[in-house]
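Topology and contacts: notes
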Amino acid sequence: MLEKAEQEQQKGKKRRRPDEDGGGRKRRGGGAGGEGPADGGRKRLDALSVGYFRRVGERLGEGFADEEEREMFVENVLSEVGGKAALVATDRTGSVTLQRLLPLSHPDRVGEVLAELGGASGSELKALCCDRCGGHVVESAVRQMSRTKGGITRVGGAEENRRIETTYLFFISEEGEGEGEGCGALEAQVLSLSQVVRDNGEDFIGHVHASHVVRTLLHVLAGCLGPPRAEPRPGGKDRSSAPPLTDFDAPPSFWYELRRLTETLMDNVHLSVTDASASAVFQTMLAVCHRKRPKLCKQLLKRIVAYLTSRGAAPGVSPLLVFLKDQASSRLVDTILQLSHKPLLRDLYQNHLRGQLVDLALHPIANFPVQRLTAAAAANQKLFPRVFDELVGGVEAILAAGHMGVIVQLAESCAASGERQAELMQCLLQAFHCAEPGSRHVCCLPLFLSLLTYEVYYHPRPAGGDAPTEVPLSSICYHGSRLVQALARFRERSQLLSSLRTLTPADLLTLATDPAGSHVLQALVTTSSDKGRGKILRRLEGQFVQMACSRLGSRVLEAIWSGASVSHRQNIAQELAGSETRLRADQFARHVWAKFALSHFLHRKAHWQEIQSGESKKKKMFSDILE
């Protein structure tokens, strides 16, 4: 197909114009089929070939009747690619199509494609990886090493890891053996790519496109993979969280190659503090080694810290403070603080960060590593009190700077470690100007949620008097929600609950139906005792129907129901049952109606109470066992 398309293009060529050079190339700005100004004179796929691969992509989206038809189609397309793989890979349409074809191909076939892309000696891989389209194809090919039979798969973090047998339904041979036992060709090509990276380490890790190939290569050599770059990440605030990794059995040769590759990267450690792409490569190297090669990770951390702390700086100033305030190197330091073992973390604080945390927390860039240090210190009983004592003195200044992530992380670390909780609560009350007089304590929840001081939120009368004018709950912000959720995990949270019980039913409804506030209400109600939960539910009476008809409120209502006693459930059901028509017609409330078995409640109330009592006893029994 590609040869035919090229012949058609040659036939359609017109007489050479005088402004063309002897090689037949047009000047910059030439027409279709020539080289555009951004292509640097390289060859491009002709229009017919681009159309062909576009149709291939459309056909892949339609699906296939059976596996045999799909395999035949994929093989036919890859045979058309043969001989011109580099040209196809560097075209935008061809690159996208190849990325979709490679996961459907046998690993040996993927190895053949990668071998053609690299040329006889693999020398062409460097140029291909530096291409904005070709780099994606190389990444997709390397990722296919994870398709092995009976591998070890771990989903999520270390606490969620579990060993399961993975079974792949594709490419099962007549003997019944999976594809994972015959991927020697691809393994050899991955090792060849790693050799090219080691020979050109500085060029690879400093290039905006090639650095992504190196990061994928590190994942594959270590035996763990995240989602492909092409897949959309979930939106919202969780976008900054690390993507889940999936482990697989890497060949033994990869373990040795990973060590050699990390040694090469360490020879270029100076780039990690000046180049954002190189910094991302080093972050990936540390993350995968921490997950799969902990001892190697410790060695790498010590060497990187030794380099960072050995650079020149002003007399009496740690060079690490300079790197913490730099956009590129601060992310690397952030990763180091996250992955450091306890002795290294203590050394970093003792010799480089002690006495500087408040100033760093006020810096627009350095405040993020401070958050990471606070999170890491929560697991260290000796270090966290010292970090807390240093930061708590600057809480009000940090709030004024708008760096709420530091305050939220400090509260979360207090909740996780169980230390200094009362001190932080008192400090927050003072920062929001509701510590004195004591009557202002019941106003703390709206202030925390809105991140506004008492004077700004309530606008008290100038003549004095501490009784605030009634202000409807509003301006619930994300960081305020996170802060209250962390405070709700404290051992002593009576001030928050007292403040919650002073809210009007309308304010509670606003809280329950707000994207950020709904999480707060759920956390406070579910962590309360039965008596305290009953007081809150009495304040919510008359609002259950509107909560059930809300996308967010219905979820809060279900969470309240799951922890409510039988008497509380009966009160909720009694109110909801009076609006049967409305609830059954609402897209959210109809699920609440079914889950609460309200039809049963209306027509067979005694039986409904018996069922609810049985569920309550079961939950109490299991909670006693777990405790």
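In this section: the overall build of the chain. Scanning the chain from N- to C-terminus turns up 37 helices and two strands. A buried classification covers 47% of the 627 residues belonging to the chain. Considering only contacts in the chain between residues 6 or more positions apart, those separated by 24 or more positions represent 69%. Accessible surface for the chain amounts to roughly 30800 Å². Of this, 51% is attributable to carbon and sulfur atoms.

This paragraph deals with the pattern of salt bridges. Within this structure, the stated rule accounts for 20 salt bridges. The partner of R440 in a salt bridge is E455, and the shortest N-O contact between them spans 3.7 Å. Remark: E455 occurs in helix α25 (residues 454-458) and R440 occurs in the loop between α23 (421-431) and α24 (444-450); sequence separation between them is 15 residues. Exposure remark for E455: the relative accessible area of 35% places this residue in the partly exposed category.

Turning our attention to the nonpolar core. Counting residues in each nonpolar core, the largest one holds 174 residues, and the members touching the most others are M285, I304, F448 and L576. Setting aside its immediate chain neighbours within four residues, I304 contacts M266, V269, F282, M285, L286, L332 and I336.

What follows deals with the environment of V370. Relative to the helices and strands, V370 is located in helix α19 (residues 367-377). With relative accessibility at 3%, the residue V370 sits in the buried group. Distance in space between the C-alpha atoms of V370 and L353 is 9.4 Å, their sequence separation being 17 residues. Those residues in contact with V370 that sit more than four places away from it in its chain are L357, L360, A361, L391 and V406.

What follows deals with the packing of aromatic side chains. Using the criterion set out here, one finds nine aromatic pairs in the structure. Ring geometry for Y454 versus Y458: centroids 5.1 Å apart, planes at 45 degrees, classification tilted. Here the residue Y454 and the residue Y458 both occupy positions in helix α25, the gap between them amounting to four residues, near one helical turn. Like Y454, the residue Y458 is buried in the burial classification. A ring pair is formed by Y457 and Y458, whose centres lie 4.8 Å apart and whose planes are at 70 degrees; its orientation type is edge-to-face. For Y457, a relative accessible area of 6% puts it in the buried group. On the basis of relative accessibility, which here comes to 8%, the residue Y458 falls in the buried class. Members of the aromatic cluster, connected to one another through ring pairs, are W561, F596, F601 and W608. Sitting over the ring of Y454, R440 keeps its end group 3.9 Å from the ring centre.

For the rest of this paragraph, the subject is unusual backbone geometry. A cis amide bond links E436 with the next residue in sequence, P437, at an omega value of -5 degrees. Along the polypeptide, P437 turns up in the loop between α23 and α24. Here H433, not a glycine, exhibits a phi torsion of approximately 60 degrees, which is positive. Of note, H433 is situated in the loop between α23 and α24. The phi dihedral of S475 falls on the positive side, at around 55 degrees, and the residue is not glycine. Given the relative accessible area of 49%, S475 is considered partly exposed.

The next subject is the confidence of the model for the chain. One rule of thumb: low pLDDT means the predicted coordinates there are not for detailed reading. On average, residues of the chain score 82 in pLDDT, and 81% of them are at 70 or above. Within the model, pLDDT remains below 50 along residues 8-40, and this stretch shows 22 contacts once partners closer than five positions in the same chain are excluded. Counting contacts from residues 149-182, a segment whose pLDDT is below 50, to residues more than four positions away or on other chains yields 63 contacts.

Moving on to empty space enclosed by the protein. Enumeration over the complete set of coordinates arrives at one cavity of 30 Å³ or more. A volume near 30 Å³ is recorded for the largest cavity. For the largest cavity, the full set of lining residues is L324, L337, L353, L357, L360, P369, V370 and L373. Of all the secondary structure elements, the ones that give two or more residues to the lining of the largest cavity are α18 (357-361) and α19. With three residues, α19 is the largest single contributor of residues to the lining of the largest cavity. Residue classes in the lining of the largest cavity are distributed as eight nonpolar, no polar and no charged.

So, on to the packing of helix α2 (residues 47-62) against helix α3 (residues 67-81). The geometry of α2 relative to α3 is characterised by a closest axis approach of 12 Å and an angle of 165 degrees between their N-to-C directions. The pairing of α2 with α3 is recorded here as roughly antiparallel in orientation. Handedness of the α2/α3 crossing: left-handed. Taking contact as the criterion, the partners of Y52, F53, V56, R59 and L60 in α2 are, on α3, E69, F73, V77, E80 and V81. Taken together, the residues of the contact of α2 with α3 sort by class into seven nonpolar, no polar and three charged.

What follows is about the side chain of D247. Inspection of the secondary structure puts D247 in strand β2 (residues 246-247). A polar contact of 2.8 Å, which involves the side chain of D247, links it to the side chain of R291.

This part is about the side chain of S95. Examined against the element boundaries, S95 turns out to sit in helix α5 (residues 92-101). Classification of S95 as buried rests on a relative accessible area of 3%. Those residues in contact with S95 that sit more than four places away from it in its chain are V88, A89, C133, H136 and V137.

Our next topic: helix α28 (residues 505-512). Along an α-helix, a turn takes 3.6 residues, which lines up residues three or four apart on a common side. Inspection of α28 places D507, L508, L509, L511 and A512 among the buried residues, and these make up the whole buried set. Looking at the buried residues of α28, the elements they touch are α24, α27 (494-501), α29 (517-526), α30 (530-540), α31 (544-548) and α32 (551-563).

What follows concerns helix α12 (residues 252-266). Helix length check: α12 (15 residues) gives 22 Å between terminal C-alpha atoms against 21 Å at 1.5 Å per residue, within 8%. Summarising the contacts, the buried residues of α12 are in contact with α9 (184-199), α10 (201-205), α11 (210-222), α13 (276-292) and α14 (294-310).

Definitions and limits used
- Residues numbered from 1 in each chain as written.
- Predicted model: local features only at pLDDT ≥ 70, side-chain atom pairs only at ≥ 80, totals over all residues.
- Heavy atoms only, no water.
- Helix = DSSP H or I, 4+ residues; strand = E, 2+ residues; numbered from the N terminus.
- Buried < 20%, exposed > 50% of the residue type's maximum accessible area, 1.4 Å probe, protein only.
- Contact = heavy atoms within 4.5 Å.
- Areas by Shrake-Rupley, 256 points an atom, 1.4 Å probe, with all protein chains shown as cover.
- Salt bridge = Lys/Arg side-chain N within 4 Å of Asp/Glu carboxyl O.
- Core = buried A, V, L, I, M, F, W, Y, C linked by side-chain atoms within 4.5 Å.
- Phe/Tyr/Trp six-rings, centres within 6.5 Å; stacked < 30°, edge-to-face > 60°.
- Lys NZ or Arg CZ within 6 Å of the ring centre and 35° of its normal.
- pLDDT = per-residue confidence, 0-100.
- 1 Å grid on protein atoms, 1.4 Å probe; cavity = no way out; pocket = protein on both sides within 12 Å on 5 of 7 lines; lining within 4 Å.
- Points joined across faces, edges and corners; volume = space filled by probe spheres on them.
- Nonpolar A, V, L, I, M, F, W, Y, C, P; charged D, E, K, R; others polar.
- Axes fitted to C-alpha atoms, helices over the stretch in contact; angles between N-to-C directions.
- Parallel < 35°, antiparallel > 145°, perpendicular 65-115°, else oblique.
- Left-handed = near helix turned anticlockwise from the far one by under 90°.
- Polar contact = N/O pair within 3.5 Å; in protein donor to acceptor, adjacent residues only side chain to side chain.
- Expected span 1.5 Å × (residues − 1).

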